[in-house]
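Okay, here's what each chain looks like letter by letter:
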Amino acid sequence: MRLRIGTWATNSLFSLFLLGASASVVANTSVENLESLSNIQNLAESRYGNLAADSVSRWRHLLDASYSLPEQEKLQRINKFFNLHVYYDEDKKIWQKADYWATPLETLARARGDCEDFTIAKYISLRLLDIPANKLKLTYVNLYPVIGDNSEKQAHMVLAYYPDEQSDPLILDNLQGKILPASKRPELKPVFSFNDSTMWINGQQSDVKPQLRLSRWRDVLNRMHDDGL
């Protein structure tokens, strides 16, 4: 099974995140100077304390040290950083909400997150490292712990990286330490995907911006903007 653009199919997951809104938010994740993140570190300290500021500081140093590396090395470093420094937990325990998409600052401050939080943090980090949005897709999948057993499927989100349009994408996943090609992850079945500017539904590129269709994506982009991202 390959997580290709043409294979997306909708299911009940999709309806949970639709919003017929009229406002538009543009993700400002591509920055010219990573020094602008110093404000994020100060914000982390004032809002969450010294431990949060230290966590954001390590993130900043990672971005600084990774900026000039090849894309494959950037993927490895970012994936490893968040998988090591953030522990999986449920939104109800972290935020006392049924479903909450956290900003990278919030995820690092709490050092906890669910699959959406891991995926968002990795996506934003790679965008800050100037990996183009058209190579990255935040991807909802059905996860089958027992392959072929439809009764065991679980909702999950991963980050897919496309070296080019024809390549088997690489999957960054908080459940798997190694970055593997999608063809090596048969337990993942794609549902839909999106990035800064584009959404793919039912195998087709949508004309509507993802910020207009996905309320939680729009909200997390708004909060990142307010935080200086």
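Criteria and cut-off values
Residues numbered from 1 in each chain as written. Predicted model: local features only at pLDDT ≥ 70, side-chain atom pairs only at ≥ 80, totals over all residues. Heavy atoms only, no water. Helix = DSSP H or I, 4+ residues; strand = E, 2+ residues; numbered from the N terminus. Buried < 20%, exposed > 50% of the residue type's maximum accessible area, 1.4 Å probe, protein only. Contact = heavy atoms within 4.5 Å. Areas by Shrake-Rupley, 256 points an atom, 1.4 Å probe, with all protein chains shown as cover. Expected span 1.5 Å × (residues − 1). Salt bridge = Lys/Arg side-chain N within 4 Å of Asp/Glu carboxyl O. Axes fitted to C-alpha atoms, helices over the stretch in contact; angles between N-to-C directions. Parallel < 35°, antiparallel > 145°, perpendicular 65-115°, else oblique. Nonpolar A, V, L, I, M, F, W, Y, C, P; charged D, E, K, R; others polar. Phe/Tyr/Trp six-rings, centres within 6.5 Å; stacked < 30°, edge-to-face > 60°. Lys NZ or Arg CZ within 6 Å of the ring centre and 35° of its normal. Lys, Arg positive; Asp, Glu negative; His and termini not counted. Core = buried A, V, L, I, M, F, W, Y, C linked by side-chain atoms within 4.5 Å.

What follows concerns the overall build of the protein chain. Of regular secondary structure, the protein chain possesses nine helices and nine strands. Within the span of the protein chain, comprising 229 residues, buried residues form 52% of the whole. Of the contacts made within the protein chain by residues no fewer than 6 positions apart, 65% connect residues no fewer than 24 positions apart. For the protein chain, the exposed surface amounts to about 10700 Å²; the carbon and sulfur share of it is 47%.

On to the side chain of Gln 211, then. As for its placement among the helices and strands, Gln 211 is situated in helix H8 (residues 210-213). Among the residues examined, Gln 211 registers a relative accessible area of 3% and is labelled buried.

Right, let's get into helix H3 (residues 50-66). Here H3 spans 24 Å end to end across 17 residues, near enough to the 24 Å set by a 1.5 Å rise per residue. Residues of H3 that are buried include every one of Ala 52, Ala 53, Ser 55, Val 56, Ser 57, Trp 59, Arg 60, Leu 62, Leu 63 and Ser 66, and no others. If you follow the buried residues of H3, they end up packed against helix H2 (38-48), helix H4 (71-85), helix H6 (104-110) and helix H7 (115-128).

This next bit is on the pattern of salt bridges. All told, the structure shown has ten salt bridges when counted by the stated rule. Taking the shortest distance from any N to any O, the salt bridge between Asp 99 and Arg 216 comes out at 3.4 Å. With Asp 99 in the loop between helix H5 (91-94) and H6 and Arg 216 in helix H9 (residues 215-227), the pair connects residues that are 117 residues apart, well separated along the chain. The salt bridge partner of Asp 219 is Arg 218, with a shortest N-O separation of 3.7 Å. Given the relative accessible area of 17%, Arg 218 is considered buried.

For the rest of this paragraph, the subject is the packing of H3 against H4. Where H3 meets H4, the axes come as close as 10 Å, and the angle between the chain directions of the two elements is 170°. Taken as axis vectors, H3 and H4 run roughly antiparallel relative to one another. Packed against H3, whose contacting residues are Ser 55, Arg 58, Trp 59, Leu 62, Leu 63, Ala 65 and Ser 66, the element H4 presents Lys 74, Arg 77, Ile 78, Phe 81, Phe 82 and His 85 at the interface. Of the residues in the contact of H3 with H4, the class split is seven nonpolar, three polar and three charged.

Taking 1.5 Å of rise per residue, 13 residues should cover 18 Å, and H9 covers 19 Å from first to last C-alpha, within 8% of that figure. The complete set of buried residues in H9 reads Ser 215, Trp 217, Arg 218, Val 220, Leu 221, Met 224 and Asp 227. On its buried face, H9 sits against H2, H6, H7, strand S3 (136-143), strand S7 (188-194) and H8. The first or second residue beyond H9 is Gly 228, which carries a positive phi of 100°.

Right, let's get into the packing of aromatic side chains. In this structure the tally under the stated criterion is seven aromatic pairs. Each member of the aromatic cluster is reached from another via a ring pair, and the members are Trp 101, Tyr 123, Tyr 140, Phe 192, Phe 194 and Trp 217. Its guanidinium or amino end placed over the ring of Tyr 67, Lys 74 lies 5.6 Å from that ring's centre, counting from NZ or CZ. Sitting over the ring of Trp 95, Arg 110 keeps its end group 4.2 Å from the ring centre.

Counting through the fold element by element, Asp 114 comes out in the loop between strand S2 (112-113) and H7. No salt bridge is formed by the buried Asp 114; the nearest opposite charge belongs to Arg 216, separated by 8.8 Å. The residues touching Asp 114, leaving out its near neighbours within four places in the chain, are Tyr 88, Asp 89, Asp 91 and Asp 99.

Another point: the nonpolar core. Core analysis: the largest hydrophobic core is formed by 47 residues, its most contacted members being Trp 59, Phe 82, Leu 126, Phe 194 and Trp 217. It is H7 that contributes the most residues to this core, eight residues altogether. The contact partners of Leu 126, leaving out residues within four places of it in the chain, are Lys 74, Leu 75, Ile 78, Ile 131, Leu 136, Leu 159 and Leu 172. Among the nonpolar cores identified, the runner-up in size contains eight residues, and Val 141, Tyr 162, Ile 171 and Leu 188 belong to it.

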